[in-house]
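# Structural description and commentary
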Amino acid sequence: MGIQDIIEGKKQWRAHMARVKALPPDYQIVYKEIQRYFFKVGPINLPDGSLLSGIVDFFEEGVAAGKGVLELIGNDVAAFCDDLVKDSRTYADIYQESIRGEPGTAEK
């Protein structure tokens, strides 16, 4: 990864966060909880950015439709997150495999 890639990544992240800050406060709170959850146990492919930007797209559509954030995701943020990544390998999976001593624990 070169310096230009790092600079471009920071620009994209700042633009992404500007979109989040433009959301209503209740949406921002839920987004931050989703982000925290994914950074802790989320999918290995999270750094590609498509999952989090997709959530912002989804939230922007909800705002435009006049819906509350909990109407979109339900009352359980963790369950919503788990459903989004149910078919993805997560850092939590890697950790569980490592403590059980299963083969294939190395990240690819």
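Summary of the structure given here. (Residues numbered from 1 in each chain as written. Predicted model: local features only at pLDDT ≥ 70, side-chain atom pairs only at ≥ 80, totals over all residues. Heavy atoms only, no water.)

Here Gln-35 is to be found in helix 2 (residues 25-41). With a relative accessible area of 11%, Gln-35 lands in the buried category. Beyond its immediate stretch of four places on either side in the chain, Gln-35 contacts Trp-13, Met-17 and Leu-52. (Helix = DSSP H or I, 4+ residues; strand = E, 2+ residues; numbered from the N terminus. Buried < 20%, exposed > 50% of the residue type's maximum accessible area, 1.4 Å probe, protein only. Contact = heavy atoms within 4.5 Å.)

With that out of the way, let us pick up the packing of aromatic side chains. Applying the stated criterion across every chain yields a total of four aromatic pairs. Note on Tyr-37 and Phe-38: the rings are 6.2 Å apart at their centroids and 65° apart in plane angle, and the pair reads as edge-to-face. On the numbers, 6.3 Å between centres and 15° between planes, the contact of Phe-58 with Phe-80 is stacked. Remark: Phe-80 occurs in helix 5 (residues 77-84) and Phe-58 occurs in helix 3 (residues 50-64); sequence separation between them is 22 residues. Look at Phe-58 and you get partly exposed, because its relative accessible area is 30%. Look at Phe-80 and you get buried, because its relative accessible area is 15%. (Phe/Tyr/Trp six-rings, centres within 6.5 Å; stacked < 30°, edge-to-face > 60°.)

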